[in-house]
Protein chains: 2
Amino acid sequence: MAGSVDERIHAICVRARAAARALVPRPRADKDAALRAVARELRARKAAILAANAADMAAARERGTSGAMLDRLMLDEARVEAMARGAEEIAELPDPVGETISETVRPNGLRVARVRVPLGVIAIVYEARPNVTVDAGALALKAGNAVVLRGGSEALRSNQALVEALAVSLEASALPRDAVQLVPFTEREGIRALVQQTELVDLAIPRGGEALIRFVTEHARVPVVQHYKGVCHVYLDEGADLETSKRIVSNAKLQRPGVCNAAECLLVARADAKRLLPPIADVLVTGGCELRGTPDVCTLVPAAKPAQDDDWGREYLDKILAVKIVGGLDEALEHVARYGSQHTEAIVTPNAEHAARWLREVDAACVVVNASTRFHDGGELGLGAEMGIATSRLHWRGPMGLESLTTMKWVVVGEGQTRG
Amino acid sequence: MAGSVDERIHAICVRARAAARALVPRPRADKDAALRAVARELRARKAAILAANAADMAAARERGTSGAMLDRLMLDEARVEAMARGAEEIAELPDPVGETISETVRPNGLRVARVRVPLGVIAIVYEARPNVTVDAGALALKAGNAVVLRGGSEALRSNQALVEALAVSLEASALPRDAVQLVPFTEREGIRALVQQTELVDLAIPRGGEALIRFVTEHARVPVVQHYKGVCHVYLDEGADLETSKRIVSNAKLQRPGVCNAAECLLVARADAKRLLPPIADVLVTGGCELRGTPDVCTLVPAAKPAQDDDWGREYLDKILAVKIVGGLDEALEHVARYGSQHTEAIVTPNAEHAARWLREVDAACVVVNASTRFHDGGELGLGAEMGIATSRLHWRGPMGLESLTTMKWVVVGEGQTRG
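Since this is a predicted model, take the numbers as computed values, not measurements. (Residues numbered from 1 in each chain as written. Chains lettered and ligands numbered in written order. Predicted model: local features only at pLDDT ≥ 70, side-chain atom pairs only at ≥ 80, totals over all residues. Heavy atoms only, no water.)

**With respect to the overall build of chain A**
Phase 1: When you go through chain A residue by residue, the secondary structure sums to 14 helices and 16 strands.
Phase 2: For a compact globule of 420 residues, the expected C-alpha radius of gyration is about 22 Å, and chain A comes in at 24 Å, within 12% of that figure.
Phase 3: Once the C-alpha set of chain A is aligned to its principal axes, its extents read approximately 70 × 65 × 35 Å.
Phase 4: A separation threshold of at least 6 residues defines the contact pool for chain A, and within that pool the share at least 24 residues apart is 73%.
Phase 5: Put simply, chain A shows about 15,800 Å² of open surface, and 50% of that area lies on carbon and sulfur atoms.
Phase 6: Each charge sign in chain A was given a centre, from 52 positive and 55 negative side chains, and these centres are 3 Å apart. (Helix = DSSP H or I, 4+ residues; strand = E, 2+ residues; numbered from the N terminus. Rg over C-alpha atoms; globule rule 2.2 N^0.38 Å. Contact = heavy atoms within 4.5 Å. Areas by Shrake-Rupley, 256 points an atom, 1.4 Å probe, with all protein chains shown as cover. Lys, Arg positive; Asp, Glu negative; His and termini not counted. Charge placed at Lys NZ, Arg CZ, Asp CG, Glu CD.)

**Focus: the relation of the copies chain B and chain A**
Phase 1: You can overlay chain B on chain A at an RMSD of 0.0 Å; the transform is a turn of 180° with a shift of 0.0 Å along its axis. In short, the pair behaves as if placed about a two-fold rotation axis. The position closest to the rotation axis in chain B is occupied by the C-alpha of histidine 395 of chain B, lying 1.7 Å away.
Phase 2: A symmetric contact is evident, with 100% of the interface residues of chain B recurring at the interface of chain A. (Least-squares fit on C-alpha atoms with pLDDT ≥ 70 in both.)

**Describing the sheet that holds strand β6 (residues 203-207) of chain A**
Residue and element names in this part refer to chain A.
Phase 1: The strand order across the open sheet built from four strands is β5-β4-β3-β6, with neighbouring strands paired in parallel fashion. Looking at which strands have only one partner, the edges of the open sheet turn out to be β5 (180-182) and β6. In this sheet, neighbouring strand axes are inclined to one another by 20° on average, regardless of whether the strands run parallel or antiparallel.
Phase 2: Pairing of strand β4 (residues 146-150) with β5, which is carried by three bridges, proceeds in the parallel orientation. Along β5, the bridge assignment pairs valine 147 with valine 180.
Phase 3: Taken strand by strand, helix α1 (residues 5-23) contacts β3 (121-126), β4 and β5, and its axis lies near 150° from that of β4.
Phase 4: Its contacts with the sheet place helix α6 (residues 131-142) against β3, β4, β5 and β6, and it is angled at close to 165° to β3. (Pairing = 2+ DSSP bridges. Axes fitted to C-alpha atoms, helices over the stretch in contact; angles between N-to-C directions.)

**Side note on the interface of chain B and chain A**
Phase 1: Contacts between the two partners involve 73 residues from chain B, matched on the other side by 73 residues from chain A.
Phase 2: Buried area between chain B and chain A, summed over both chains or domains, comes out near 6,200 Å², and the portion from carbon and sulfur atoms is 51%.
Phase 3: Sorting the residues of chain B by area buried against chain A places Leu394, Trp410 and Arg419 of chain B first, and these three jointly supply 15% of that buried surface.
Phase 4: The partner of arginine 21 of chain A in a salt bridge is glutamate 334 of chain B, with the nearest N and O atoms 3.6 Å apart. (Buried area = accessible area lost by both parts, 1.4 Å probe. Salt bridge = Lys/Arg side-chain N within 4 Å of Asp/Glu carboxyl O.)

**Side note on the packing of helix α6 (residues 131-142) of chain B against helix α7 (residues 156-172) of chain B**
Residue and element names in this part refer to chain B.
Phase 1: Packing of α6 against α7 brings their axes to within 10 Å, and their N-to-C directions diverge by 30°. It follows from the interaxial angle that α6 and α7 lie roughly parallel. Regarding α6 and α7, the two cross each other, and that crossing is right-handed. Contact with α6, carried on its side by Thr133, Val134 and Leu141, involves Asn159, Leu162, Val163, Leu166 and Leu170 of α7 and no other residues of that element.
Phase 2: Here the residues of the contact of α6 with α7 sort into six nonpolar, two polar and no charged. (Parallel < 35°, antiparallel > 145°, perpendicular 65-115°, else oblique. Left-handed = near helix turned anticlockwise from the far one by under 90°. Nonpolar A, V, L, I, M, F, W, Y, C, P; charged D, E, K, R; others polar.)

**Topic: the pairing of strand β7 (residues 232-236) of chain B**
All names here are of chain B.
Phase 1: Within β7, five of the five residues are buried, which leaves it mostly tucked inside the rest of the structure.
Phase 2: Across the two faces of β7 the burial is the same, with Cys232, Val234 and Leu236 and His233 and Tyr235 all buried.
Phase 3: Of the crossover connections in this fold, the one passing from β7 over helix α10 (residues 242-254) to the parallel strand β8 (residues 263-269) is right-handed.
Phase 4: Direction of pairing for β7 relative to strand β12 (residues 344-348): parallel, over a ladder of four bridges. Of the residues in β12, the one forming a bridge with leucine 236 is valine 348. (Buried < 20%, exposed > 50% of the residue type's maximum accessible area, 1.4 Å probe, protein only. Right-handed = clockwise from strand over helix to strand, strands pointing away.)

**Side note on the pairing of β8 of chain B**
Residues and elements named next belong to chain B.
Phase 1: Among the seven residues in β8, seven count as buried, and that is most of the element.
Phase 2: As paired elements, β7 and β8 share five bridges and run parallel to each other. Looking at β8, one finds that histidine 233 is bridged to cysteine 265.
Phase 3: Where β8 lies against strand β11 (residues 320-326), five bridges are found, and the strand directions are parallel. In the strand pairing of β11, leucine 267 is matched with lysine 324.

**Comments concerning the sheet that holds strand β2 (residues 111-118) of chain B**
Phase 1: On the basis of which strands lie adjacent, the open sheet formed by 10 strands has the order β10(A)-β9(A)-β11(A)-β8(A)-β7(A)-β12(A)-β13(A)-β16(B)-β2(B)-β1(B) and mixed pairing. The two strands at the open ends of the sheet, each matched to only one other strand, are β10 (305-306) of chain A together with β1 (100-105) of chain B.
Phase 2: Here two bridges tie strand β9 (residues 290-293) of chain A to β10 of chain A, and the two strands are oriented parallel to one another. Opposite arginine 292 of chain A, over in β10 of chain A, you have lysine 305 of chain A as the bridge partner.

**Considering helix α14 (residues 352-361) of chain A**
Phase 1: Of the positions making up α14 of chain A, those classed as buried are Ala355, Trp358 and Leu359 of chain A. Viewed along the axis of α14 of chain A, the buried residues span an arc of 95°, placing them on a single side of the element.
Phase 2: Those residues of α14 of chain A that are buried are in contact with β7 (232-236), α13 (329-339), β12 (344-348) and β13 (366-371) of chain A together with β16 (406-417) of chain B.
Phase 3: By the N-cap criterion, in which a side-chain oxygen at the helix start approaches the backbone nitrogen of a residue two or three places on, α14 of chain A is capped by asparagine 351 of chain A, the distance to glutamate 353 of chain A being 2.9 Å. (Arc of directions from axis to C-beta. Polar contact = N/O pair within 3.5 Å; in protein donor to acceptor, adjacent residues only side chain to side chain.)

**Quick notes on the nonpolar core**
Phase 1: Ranked by internal contacts, the top residues of the largest apolar core, which has 114 residues, are Leu42, Ile124, Val234, Leu236, Leu266 and Leu291 of chain B.
Phase 2: Sorting elements by how many residues they give to this core places helix α1 (residues 5-23) of chain B first, with eight residues.
Phase 3: When neighbours within four sequence positions are excluded, isoleucine 124 of chain B is seen to be in contact with Val132, Ala136, Val147, Val148, Leu149, Arg150, Ile205 and Met387 of chain B.
Phase 4: Counting 113 residues, the second largest nonpolar core, distinct from the first, contains Ala146, Ile191, Ala193 and Ala220 of chain A. (Core = buried A, V, L, I, M, F, W, Y, C linked by side-chain atoms within 4.5 Å.)

**Some words on α7 of chain B**
All names here are of chain B.
Phase 1: For α7, built from 17 residues, the straight-helix expectation of 24 Å at 1.5 Å per residue is met to within 8% by its first-to-last C-alpha distance of 24 Å.
Phase 2: Those residues of α7 that sit buried are Ser158, Asn159, Ala161, Leu162, Val163, Ala165, Leu166, Ala167, Ser169 and Leu170.
Phase 3: At the exit of α7 stands alanine 174, carrying a positive phi of roughly 55°. (Expected span 1.5 Å × (residues − 1).)

Interpretation in functional terms is not warranted from these geometric data alone.
Pasting the structure below:
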């Protein structure tokens, strides 16, 4: 491929824009047929995909890549099958395009509606996991968008094999092949060029570590929806039921400690700390969790280590939990406002007034009463497939399902009306 | 005020963030009381406001400022009264904060809702018109936001007098005075610093000429909702009724030629050009409109001048209309896709299928069938007050009423549920 990085990225985006426009008039059936073809192609090409991935894995091992990173990069039969099933599930979801958001008739007889339409061209910038290629591509396509995928260099061969399956499926359904394109080179300036195509790219979604997200946000001239970290709290209010608290805290911390909606900090109301903390600490410590507490926590829970200043607001993504005793709801709200990352914040309380204040006053993408933080997830909240959890405030917040990948237009139908 | 421009802007935004947080728990009644107080204060302080404006006007005249600019800067009794009434009307609008967008109960009994919440801190960067200070401040406040206003240097005295009226009204209703702040200096770096406060500012809205919007977009690190130009078309389809076409075209072009939803280009289906164009051209020319047409248009309409290449896609904001004869709907769609600015696009047609294709295939904030482009306006579409027309695709499109100044959160209420 000739030309500078800028020119090559520009050419890809020009093709994506044309594909996005060609997708607009296509009915749901065509998109769903392409998604089912994706599932078939993935299964048919499994050997080729796994061979490409094996080459990526071998190169990564040679570079001395670590275990967690290798696991993210790795594909096997089950993971390919999961991608295929994912595409089929997306085909089953209702089509958001054309949905009426609101509808009125004005006093002059004009019929006014807001209708969902595709966003256009979405750039997705991500790291190791090759499944993002299919998951994000399929979701964007269902919402009528063209997508430009810029995966990590370590997964380039895997991603090329996967995008080939997507492209063949699009062509088989007479949809534009360029609706899903992979940037076929991995120079870092490619990301910069991609997120500065203001005339051609409508949205950039960075998915990966904080460094990647900051790089995209810093250089983007197109709108960005971020997926920042989750520093999620569980606050046990005065009067919280012990069994409920135990269940929720250990689920929030231990069920899957490495994800963004896992709890990182436990706050307990002073009035009930003695009743609640020791038995809950027992369960956590038995589950292999390290506790880091304020001095009063360490007194009640001898197994806890003293917390340092930087334990507050920290995302461990591991079996570690910061623990603090607070005066009550007001102090818990203060702590969450100061240290939370506006991701997921839960209260356990029998008090309806406190629950209502939590829901209203905590500023987060998801606020939870008497349930685990782990429910902040597209599938659990009823969206079906999702593309991560947005921590931005603009456009969308929380799990990014199909609706989040659309915009709207105003539709005005008259019978010759003019403005007086 | 001490410190560098950056430090002073940062300090303003820190206060705005605190004010935004303090607004969250306040009920509708408090906000509406403050808005009614704004109306009272504006009326009570009319003399002081007009004196401040007279000083701005005198300084502008001394600098040799032109007539149109002076008119935008000018306040008189009627304009102050219009701002006061505007604040009262916003007080009457329903409160968007707390509205439920969607609500479901999951199979596990979790109650899941999406609820509208304030955006947070909104920076508004604008030029001459001092009424934006009150209109935008009042609208942002009603949606529960704090606002940082950065008006033009030419209006600084007027804006200070108006913001003083707003601040006094907030205090009288025990709302945070810092919920509406004016940047009290007008160095250009102030804009740059303001739109780069990623931790403190949630949204920047530039309002004014294209140069200002491009400057903000170029330098912003916070999300921006743009208000770009309107290159709006009216397409007269085969079989369009002459009287309806005449009425719509002359309303779209002549009712208020200087605004973004006025038509700038007329497309006519070849099959009916002879029937439609001459009588419509008569009405337009009689109304003082200059026509610039393709050669076939000039043959049918001797009064038309030949159009140049740069007449297509041009925003005249004046009594000038580009006119082109097209083969039919497909060519009209092509032309609009190539030259339109995705603002407002209208078709006049008796053909339901063509109308449906127009509504679906034209990519614009507002698509119109058999009515004037001039209806693309918050008041006309039923939103009440608005803060301009967004031509962005993300977050919001079209007239920015109260809903566009909010975001949402997910609210999850359980009875001890955990994730399996």
